[in-house]
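A closer look at the structure
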Amino acid sequence: MDQLNTIDHDLNETMTTLATIEEIVQAKESVFGKKGSLTQIMKQFRDASTEDRPLLGQKVNQIKAKYLNAFDHQIRRLEKQQLDEQLMSESVDIFLPGTRPLMGGLHPIRQAEKDLISACESLGFSMVKGPIIEDTFHNFEALNIPDTHPSRDMHDTFYLNNHHVLRTHTSSVQIRHMLKTPPPLKMLSSGPVFRCDSDRTHSPMFHQMEGLYVNHKVTLPELKYTLDALLKTFFEDDHLIRFRSSYFPFTEPSFEVDIQFKKTGEWMEVLGAGMVHRNVFRSVNYNPDDVSGFAFGLGIDRLAMLKYGIEDIRAFYENDTRFLRQGAPC
Ligand code: PHE
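All values reported here derive from a predicted model rather than from experimental measurement.

When its secondary structure is counted, the protein chain shows 11 helices and 9 strands. Along the first, second and third principal axes, the C-alpha atoms of the protein chain reach 135 × 45 × 35 Å. Counting only contacts in the protein chain whose residues sit at least 6 apart along the sequence, the fraction spanning at least 24 positions is 65%. On the protein chain, the mean spot of the 37 positive side-chain charges and the mean spot of the 45 negative ones are 3 Å from each other.

Put into structure tokens, the structure is as follows:
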């Protein structure tokens, strides 16, 4: 009984000093475990007298009831405390500003192309696609640029072999479309074109958009109206435009079209245009006495440079994200 009283007394004291779960588990084990002090004492009960046994048993039960619950309660309390501390340390301040993901945006050329296409579509033109690798018939001959003609020199061409080139303009798409479609038609073609040329305002690959309208009596004023409306929509402003006589093998008469910038009063050349040459109609089996048409072609890169105030065409192709990020997010 003395030993039991000592255990009771010791437990009473240690209970107050236990601070961690490990300490509690250890203390519990050292008394109630298989090799614990109380378990050892209980083994000696066999030797005790019959009157003492119930008293001893009572005391053991008392000790168990008093401390086992207390130990478990203490362990649960500490576990909860630990969990609370962990949750506090992992807590997220939902009011902190977030990190913005980098948004992609349209490339300025793509943006300009989109705007030009939608301006033309609102004037009744529809988009037609064509190949980038072109044969010399569609790129030159059918457009009234015969093999020996000096105007071939106007296009510094990348030849793939004697008969195939990287298209030097998107006019080849017009030939393909006219060969498949009887008049009337009002079409657009747009995309990359290639010429061996490279400096601040020329890139060996640039983008063109061309329009073609063929009908029974298409007139020059219709061309002028169309270009006026197109440029007004694209530049979102009222500019004066002027036609200067020029030469293209596939149009007659031919013009360079200039636009006047209000701020500086400066005239800038923005596109080429003209009435479709009779020989072009012949090469697509249209009767030139029956139909007439106008065509225009513009450099998308050049128009984007003018609209966004970009001075070097190469900025479009250097993939500097500081430049590209200026674009409107998709
Ligand atoms: N295809 C011409 C070029 O690339 C542009 C153009 C098209 C000019 C239509 C006049 C008419 O130079």
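Once the domains are mapped, the protein chain shows domain 1 (2-90) and domain 2 (108-324). Distance between the C-alpha centres of domain 1 and domain 2: 94 Å.

Take the site of the ligand next. As a structural note, the neighbourhood of the ligand is formed by 13 residues, with H169, S171, R195, Q208 and E210 the closest of them. Between the ligand and R195, the relevant distance is 2.7 Å, taken from an oxygen atom to a side-chain nitrogen or oxygen of the residue. Of all the secondary structure elements, the ones that give two or more residues to the shell around the ligand are β5 (205-215), β8 (267-276) and β9 (292-299). A per-element tally of the shell around the ligand places β9 first, with 3 residues. In terms of residue class, the shell around the ligand is made up of 5 nonpolar, 6 polar and 2 charged.

Attention now goes to helix α7 (residues 171-180). Buried residues dominate α7, accounting for 7 of its 10 residues. Listed in full, the buried residues belonging to α7 are S171, S172, V173, Q174, I175, H177 and M178.

Relative to the assigned elements, N139 resides in helix α6 (residues 136-139). Only 2.9 Å separates the side chain of N139 from the side chain of T168, close enough to count as a polar contact. Residue contacts for N139: discarding those within four places in its chain leaves E134, I145, V165, R167, T168, H169 and S172.

Applying the stated criterion across every chain, the model contains 10 aromatic pairs. Where F125 meets F296, the ring centres are 5.8 Å apart and the plane angle is 80 degrees; that geometry is what we call edge-to-face. Pair noted here: F125 is in the loop between α5 (108-121) and β1 (126-127) and F296 is in strand β9, with a separation of 171 residues, a long-range link. When sorted by exposure, F125 lands in the same class as F296, which is buried. Between Y213 and F294, the aromatic rings sit 5.6 Å apart at their centres with planes inclined by 65 degrees, giving edge-to-face as the arrangement. In this pair, Y213 is assigned in strand β5 and F294 in strand β9, connecting sequence segments 81 residues apart. Each member of the pair, Y213 together with F294, is buried. The positively charged end of K224 is found above the aromatic ring belonging to F243, 5.8 Å away from the centroid. The ring of F234 is capped by K307, whose NZ or CZ atom sits 4.5 Å from the centre of that ring.

What follows deals with the nonpolar core. Of all hydrophobic cores here, the largest spans 38 residues; its most connected members are M209, L227, L271 and F296. Among the secondary structure elements, those contributing two or more residues to this core are α5, β5, α8 (220-235), β7 (251-260), β8, β9 and α10 (300-308). The contact partners of L271, leaving out residues within four places of it in the chain, are L227, L231, F255, E256, V257, F296, G297 and L298. In this structure, I175, L212, F250 and V276 belong to the second largest nonpolar core, which totals 22 residues.

The subject of this paragraph is the sheet that holds β7. With respect to topology, 7 strands assemble into an open sheet ordered β1-β4-β5-β9-β8-β7-β6, the strand pairing being mixed. The sheet is open, and its two edges are formed by β1 and β6 (240-248), each paired on a single side. Pairing between β7 and β8: 8 bridges, direction antiparallel. In the strand pairing of β8, V257 is matched with L271. Lying on the sheet, α5 is in contact with β1, β4 (185-194), β5 and β9; it crosses β4 at an angle near 165 degrees.

Along the polypeptide, H138 turns up in helix α6. A distance of 2.8 Å separates polar atoms of two side chains, one belonging to H138 and the other to D135. In this structure, H138 is in contact with L143, S172, I175, R176 and L179, ignoring residues within four places of it in sequence.

What follows is about the environment of R176. For R176, the location among the structural elements is in helix α7. It is 9.7 Å that separates the C-alpha atoms of R176 and A142, two residues lying 34 residues apart in sequence. Aside from chain neighbours lying at most four places away, what touches R176 is P131, E134, D135 and H138.

Attention now goes to the pattern of salt bridges. For the structure shown, the criterion picks out 15 salt bridges. The salt bridge partner of D238 is K232, with a shortest N-O separation of 3.3 Å. Residue classification places K232 among the partly exposed residues on the basis of a relative accessible area of 36%. Residues participating in the shared-partner salt-bridge network are R242, R244, D258 and E269.

What counts, and where the lines are drawn
- Residues numbered from 1 in each chain as written.
- Predicted model: local features only at pLDDT ≥ 70, side-chain atom pairs only at ≥ 80, totals over all residues.
- Heavy atoms only, no water.
- Helix = DSSP H or I, 4+ residues; strand = E, 2+ residues; numbered from the N terminus.
- Contact = heavy atoms within 4.5 Å.
- Lys, Arg positive; Asp, Glu negative; His and termini not counted.
- Charge placed at Lys NZ, Arg CZ, Asp CG, Glu CD.
- Domains from an automatic or database assignment.
- Near = heavy atom within 4 Å.
- Polar contact = N/O pair within 3.5 Å; in protein donor to acceptor, adjacent residues only side chain to side chain.
- Nonpolar A, V, L, I, M, F, W, Y, C, P; charged D, E, K, R; others polar.
- Buried < 20%, exposed > 50% of the residue type's maximum accessible area, 1.4 Å probe, protein only.
- Phe/Tyr/Trp six-rings, centres within 6.5 Å; stacked < 30°, edge-to-face > 60°.
- Lys NZ or Arg CZ within 6 Å of the ring centre and 35° of its normal.
- Core = buried A, V, L, I, M, F, W, Y, C linked by side-chain atoms within 4.5 Å.
- Pairing = 2+ DSSP bridges.
- Axes fitted to C-alpha atoms, helices over the stretch in contact; angles between N-to-C directions.
- Salt bridge = Lys/Arg side-chain N within 4 Å of Asp/Glu carboxyl O.

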